[in-house]
Amino acid sequence: KVIKNKDGVRNSHTAHAEVMFSLDGKPRENEGRVIGAALCYSGNYKLRIDTDESDYHHFFAGINQDNSTYNLKNGEIFRTPELALTYSDEGLSGSSRNFHRWARLHKLANGTKLRKILLNSWEGVYFKVDQEVMAQMMKDMSQLGGELFVMDDGWFGDKYPRDGGSLGDWVVCKKKLPQGIEGLIASAKKCGIKFGLWIEPEMVNSKSELYEKHPDWIICQDNRTPTTGRGGTQMILDLSNPKVQDFVFGVVDNLMTNYPEIAYIKWDANASIMNYGSYYLPKDRQSHLYIEYHKGLNNVLERIRTKYPHLLMQACASGGSRVNYGLLPYFGEFWTSDNTDAYQRIYMQWGVSNFYPAIAMASHVSADKNHQTGRRTPLKFRFDVAMSGRLGMEMQPKDMTDGDKEFAKRAI
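## Thoughts on the sheet that holds strand S5 (residues 57-63)
For step 1, the next point in the chain: Spatial strand order, S1-S4-S5: three strands in an open sheet with antiparallel pairing. Since the sheet does not close on itself, it has two edges, and those belong to strand S1 (2-4) and S5, each with one partner. Adjacent strand axes in the sheet meet at a mean angle of 5° when their direction is disregarded.
For step 2, the next point in the chain: In the sheet, strand S4 (residues 45-51) pairs with S5 via seven bridges, with the strands oriented antiparallel. Following the sheet pairing, leucine 47 is matched in S5 by alanine 61.

Structure (structure tokens):
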């Protein structure tokens, strides 16, 4: 049995690097001996269970070796990913509780601190961000008892406003936000809530000032035409390059230096490595790319966490594609899925909770008619499901009825 990932960036997109073994036949929830294992790595991995002719089971877990030959220099140290192991004689739930306790106390950034109840703007307005609507959403969330407003994608880009382009140009789009982030923070303060925003700093669009200045910063072979992703223009920055690492660190550092009141950052990643190759790495080290990318990413995140230890960041990647213990020391939570249908979320959150604590699992109350499935569910049901993770909202509050607003206020 093999469980593996070769995405390059988002390693829980189609499979996950955790597994449980029952030693007493069919696993039970509260009884029986169970071994749980989680690979603490953000890159390509391979888990392999090999059963020999004696019916012994051998478990191997580590970096996926495909296209990842790594040549060590004399004296160089290579640290392989940690494998977290636990044992319980209280069934699957006992193993889960061990992981939850360990994560909150030792692995998750600020794992014992109470989280703020937030409103995220994405499903409320999508890319249609503007100063007036953001202020209205903040006011409405404040009146519901919320504590934090997060402005999602759509807020940036000067030469190329964010409408399918401008990833890499992390400056405010003055057409949409003439008062800038200062105006948004002022609105949040007026409402008595905190402010946060969305970024995707590992990525760049071909339609951007950054790509015009640094076309050699992307992951690609220099004799190939780049394959683009989302929107037909998205590419990945080469984090094996120290200059790119400095740039990505600078995205967060510049925001926090200029606007120290920012209380939350949603860090997204919406692409796979499709153009294998590095302008930065020499020919004899091209096969280091998958590994060096994540060493670079961890270096950036370590610098951010050291300088801003109390900043809460969310790991998002096309939804829940970065749910792993390799990144959680730098993030306080992950976005569980882009599917916010409460009925679907029950199954997803149940599965995720095998290995990850509720405090790490972002779960939002979305619109009456769900945007992904079209299903209608009662507001109480949506709140009940969202409350089993880190409670938030993902809708346009002004579209709620007075009765729903009163219920939401009581629920919060």
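## Observations concerning the packing of helix H6 (residues 242-258) against helix H7 (residues 289-307)
When two helices pack together, their arrangement is given by the angle between the helix axes and the distance between those axes.
For step 1, the next point in the chain: The contact between H6 and H7 brings their axes to 9 Å, and the two run at 30°. Considering the angle they form, H6 stands roughly parallel to H7. For H6 against H7, the interelement crossing comes out right-handed. Residues Gln245, Asp246, Val248, Phe249, Val252 and Asp253 of H6 touch H7, and the partners they reach there are Gly296, Asn299, Val300, Arg303, Ile304 and Lys307.
For step 2, the next point in the chain: Taken together, the residues that form the contact of H6 with H7 break down as five nonpolar, three polar and four charged.

## Considering the side chain of threonine 336
For step 1, the next point in the chain: The residue threonine 336 is located in the loop between strand S14 (333-335) and helix H8 (342-352) in this model.
For step 2, the next point in the chain: Threonine 336 sits in the buried class, given a relative accessible area of 7%.
For step 3, the next point in the chain: Within polar-contact distance, the side chain of threonine 336 engages the backbone oxygen of alanine 362 at 2.9 Å.
For step 4, the next point in the chain: Sequence-distant contacts of threonine 336, that is, excluding residues within four places in its chain, are made with Gly320, Arg345, Gln349, Val352, Met361 and Ala362.

## Notes on the packing of aromatic side chains
For step 1, the next point in the chain: Enumeration over the complete set of coordinates arrives at 20 aromatic pairs.
For step 2, the next point in the chain: Taken together, a centroid distance of 5.4 Å and an interplanar angle of 75° make the contact between tryptophan 155 and phenylalanine 156 edge-to-face.
For step 3, the next point in the chain: Between phenylalanine 156 and tryptophan 198, the ring centres sit 6.1 Å apart and the planes meet at 10°, which makes this aromatic pair stacked. Highlighted residues: phenylalanine 156 in the loop between strand S8 (148-151) and helix H4 (180-191) and tryptophan 198 in strand S9 (residues 194-199), separated in sequence by 42 residues.
For step 4, the next point in the chain: Take tryptophan 198: its relative accessible area is 1%, and that puts it in the buried class.
For step 5, the next point in the chain: In this arrangement the basic side chain of arginine 303 is found over the ring face of phenylalanine 249, its NZ or CZ atom lying 4.2 Å from the centre.

## A short note on H7
For step 1, the next point in the chain: The end-to-end C-alpha separation of H7 is 27 Å, in line with the 27 Å expected for 19 residues at 1.5 Å each.
For step 2, the next point in the chain: Buried residues of H7: Leu289, Tyr290, Ile291, Glu292, Tyr293, His294, Gly296, Leu297, Val300, Leu301, Ile304 and Arg305, and no others.
For step 3, the next point in the chain: On the buried face of H7, the contacting elements are S5, strand S11 (234-236), H6, strand S12 (262-267) and strand S13 (312-315).

## Considerations on the nonpolar core
For step 1, the next point in the chain: With 97 residues, the main nonpolar core has Met151, Trp155, Phe195, Leu197, Ile199 and Trp267 as its most contacted residues.
For step 2, the next point in the chain: Beyond its immediate sequence surroundings of up to four residues, methionine 151 is in contact with Ser121, Val129, Met134, Leu177, Leu184, Phe195, Gly196, Leu197 and Trp198.

## A look at the environment of glycine 231
For step 1, the next point in the chain: Along the chain, the position of glycine 231 falls in the loop between helix H5 (209-213) and S11.
For step 2, the next point in the chain: The sequence separation of glycine 231 and aspartate 153 amounts to 78 residues, and the corresponding C-alpha distance is 14 Å.

## Section: unusual backbone geometry
For step 1, the next point in the chain: Even without glycine at this site, asparagine 110 takes up a positive phi of about 50°.
For step 2, the next point in the chain: With respect to the helices and strands, the residue asparagine 110 is situated in the loop between helix H1 (91-107) and strand S7 (118-120).
For step 3, the next point in the chain: Although it is not a glycine, serine 318 sits at a positive phi angle of roughly 50°.
For step 4, the next point in the chain: Relative to the helices and strands, serine 318 is located in the loop between S13 and S14.

## Some thoughts on the sheet that holds strand S2 (residues 18-22)
For step 1, the next point in the chain: Ordered in space as S2-S3-S6, the three strands form an open sheet in which the pairing is antiparallel. The sheet is open, and its two edges are formed by S2 and strand S6 (82-88), each paired on a single side. Direction aside, neighbouring strands of the sheet carry axes that sit 15° apart on average.
For step 2, the next point in the chain: Contacting S2, strand S3 (34-40) and S6, H1 crosses the sheet at an angle of about 135° to S6.

## Let's talk about the environment of arginine 28
For step 1, the next point in the chain: Within the secondary structure, arginine 28 is located in the loop between S2 and S3.
For step 2, the next point in the chain: Looking at arginine 28, its side chain comes within polar contact range of the side chain of glutamate 31, at 3.5 Å.

## Regarding the packing of helix H9 (residues 379-386) against helix H10 (residues 402-411)
For step 1, the next point in the chain: Their axes nearest at 11 Å, the elements H9 and H10 cross at an angle of 25°. Taken together, the axis directions place H9 and H10 in an arrangement best described as roughly parallel. For the element pair H9 and H10, the recorded crossing hand is right-handed. On the side of H9, the interface is formed by Leu379, Lys380 and Phe383, while H10 contributes Asp404, Phe407, Ala408 and Ala411.
For step 2, the next point in the chain: Split by residue class, the contact of H9 with H10 holds five nonpolar, no polar and two charged.

Basis of the calculations
- Residues numbered from 1 in each chain as written.
- Predicted model: local features only at pLDDT ≥ 70, side-chain atom pairs only at ≥ 80, totals over all residues.
- Heavy atoms only, no water.
- Pairing = 2+ DSSP bridges.
- Helix = DSSP H or I, 4+ residues; strand = E, 2+ residues; numbered from the N terminus.
- Axes fitted to C-alpha atoms, helices over the stretch in contact; angles between N-to-C directions.
- Parallel < 35°, antiparallel > 145°, perpendicular 65-115°, else oblique.
- Left-handed = near helix turned anticlockwise from the far one by under 90°.
- Contact = heavy atoms within 4.5 Å.
- Nonpolar A, V, L, I, M, F, W, Y, C, P; charged D, E, K, R; others polar.
- Buried < 20%, exposed > 50% of the residue type's maximum accessible area, 1.4 Å probe, protein only.
- Polar contact = N/O pair within 3.5 Å; in protein donor to acceptor, adjacent residues only side chain to side chain.
- Phe/Tyr/Trp six-rings, centres within 6.5 Å; stacked < 30°, edge-to-face > 60°.
- Lys NZ or Arg CZ within 6 Å of the ring centre and 35° of its normal.
- Expected span 1.5 Å × (residues − 1).
- Core = buried A, V, L, I, M, F, W, Y, C linked by side-chain atoms within 4.5 Å.

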